[in-house]
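Listed below are the residues making up each chain.
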Amino acid sequence: MRRPRFNPIIEALPPTIPFLAPEAIARQSGIPLRARLGANESGFGPSPKVKAAIAEAAAGVWTYGDPECFDLRRALGEKLDLGIDEIAIGEGIDAIQGRICQLFLSPGDRVVTSLGAYPTFNYHVAARGGELVTVPYRDDHEDLEALAAEARRARTRIVYLANPDNPMGTWWDAEAVETFVDAIPSDTLVVLDEAYGETAPKGTMPPTGFKRPNLLRLRTFSKAYGLAGLRDGYCLGDPEILKGFDRIRNHFGVNKIGQIAAFAALADTPYLEDVLARIARARTIIADFSRELGLEPIASATNFVAIDCGRDAAFAEKVLAGLAKRGVFVRKPAAPVLARTIRMSVGPDPDLAVARDALAQTLTELEHRS
Ligand SMILES: *Cc1c(COP(=O)(O)O)cnc(C)c1O
């Protein structure tokens, strides 16, 4: 049967399910989900004030949200000491990454990223026919010098860096990031993904006053603020570049409840502070039980911990499968070297206790088998 053809770039892409959700895994395996620790969501949930604001806003959903997200941008501008025109909102960082690729990439354009870095970015690059050039991690960190050198080696449209990094949770301090940005040619766009900026030590993110015409910084309400399901992300950058989003945006994509919830979340600083402390504590719990079980946690500035399983990728794969079999949803990196680890998100104590027991049982089982 003939069917309408996709455009040549899309025709050439492999069939893909970008993220297999824990619900889908549970449906396929028939194993009920006991601990959801694989997608770096915040098991601590949003602020009670945010929940109240959402409830109050429910009756108003018959109107479209503000396509300019004016109130939210103004609140962010005040908090970050930026002009409203230096902030754009999108349906999560993921959607903003897609728009950036749409704005900047023509087929064949060169894009530099780290081998094994956040995969959604690569997915958007592929959809535009961009040519991905990858640089290996060094000592479980994104290699800033090698990334910059690769971006300078040939004409590069975009270089991507997540700081702190996902999947390893490692980070560079602001000074190193600033040096990196300034080492990139001015006609190359630097996409600095700061999805985990809030959970990182002070001095990790360059100040918002660090501005460059070729720099876009991406942030989200999905992680520390606990609003992943609402799809709220934002982009800081040069007003002339941000205006580009107006040419291509999905006009009402940032939904009304999402705008209201993000606005309320920004206002509740005490709750954020409290959650950040709980995230830090949960990281320590994961690190402690990993060590206790003979594994090596990697120091993390995020809301997850990459755990070095001490052997090869195949072994880490078995650990992941053992956890899955016990209803614990965790993910793992796939790229060489990083693949020796599993990546466990933080969460409330009961979830971590389930994860710890499942990990202990899995390791005992694997020992007996080998
Ligand atoms: C989780 C994550 C995102 C996704 O953010 P959304 O705002 O939910 O789309 C983006 N970048 C990195 C590095 C992430 O880990």
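Report on the accompanying structure.

Conventions used here
- Residues numbered from 1 in each chain as written.
- Predicted model: local features only at pLDDT ≥ 70, side-chain atom pairs only at ≥ 80, totals over all residues.
- Heavy atoms only, no water.
- Axes fitted to C-alpha atoms, helices over the stretch in contact; angles between N-to-C directions.
- Helix = DSSP H or I, 4+ residues; strand = E, 2+ residues; numbered from the N terminus.
- Parallel < 35°, antiparallel > 145°, perpendicular 65-115°, else oblique.
- Left-handed = near helix turned anticlockwise from the far one by under 90°.
- Contact = heavy atoms within 4.5 Å.
- Nonpolar A, V, L, I, M, F, W, Y, C, P; charged D, E, K, R; others polar.
- Phe/Tyr/Trp six-rings, centres within 6.5 Å; stacked < 30°, edge-to-face > 60°.
- Buried < 20%, exposed > 50% of the residue type's maximum accessible area, 1.4 Å probe, protein only.
- Pairing = 2+ DSSP bridges.

1. Quick look at the packing of helix α12 (residues 313–325) against helix α13 (residues 349–369)
Now for step 1: It is at 9 Å that the axes of α12 and α13 come closest, and there the two elements cross at 125°. As far as their axial angle goes, α13 and α12 are oblique. The handedness of the crossing between α12 and α13 is right-handed. Contacts between α12 and α13 involve Phe315, Lys318, Val319, Gly322, Leu323 and Lys325 from the first element and Ala355, Ala358, Leu359, Thr362, Leu363, Glu365 and Leu366 from the second.
Now for step 2: Per-class residue counts for the contact of α12 with α13 are 8 nonpolar, 2 polar and 3 charged.

2. Things to note about the packing of aromatic side chains
Aromatic rings considered in pairs are described by the distance between their centres and by the relative angle of their planes.
Now for step 1: All chains considered together, the criterion is met by 5 aromatic pairs.
Now for step 2: Here Phe221 and Tyr225 contribute two aromatic rings whose centre-to-centre distance is 4.9 Å and whose plane-to-plane angle is 50°, an arrangement assigned as tilted.
Now for step 3: Taking the centre distance of 5.6 Å and the plane angle of 45° together, the rings of Phe221 and Tyr234 count as tilted. Taken together, the positions of Phe221 in the loop between β7 (215–220) and β8 (233–237) and Tyr234 in strand β8 put the pair 13 residues apart, joining distant regions of the chain.

3. Observations concerning the pairing of strand β10 (residues 304–308)
Now for step 1: With respect to burial, β10 is a largely interior element, 5 of its 5 residues being buried.
Now for step 2: Taking every second residue as pointing to the same face, both faces of β10 are buried, with Phe304, Ala306 and Asp308 on one and Val305 and Ile307 on the other.
Now for step 3: The pairing of strand β9 (residues 296–297) with β10 spans 2 bridges and is classified as antiparallel. Along β10, the bridge assignment pairs Pro297 with Ile307.
Now for step 4: From the end of β9 to the start of β10, which pair antiparallel, there are 6 residues.
Now for step 5: In the sheet, β10 pairs with strand β12 (residues 341–345) via 5 bridges, with the strands oriented antiparallel.

4. Here we look at the pairing of β7
Now for step 1: With 6 of 6 residues buried, β7 is to be regarded as a mostly interior element.
Now for step 2: Because side chains alternate across β7, one face comprises the buried residues Leu215, Arg217 and Arg219, and the other comprises Leu216, Leu218 and Thr220, equally buried.
Now for step 3: Pairing of strand β6 (residues 189–193) with β7, which is carried by 4 bridges, proceeds in the parallel orientation. Looking across to β7, one finds that Val191 is bridged to Leu216.

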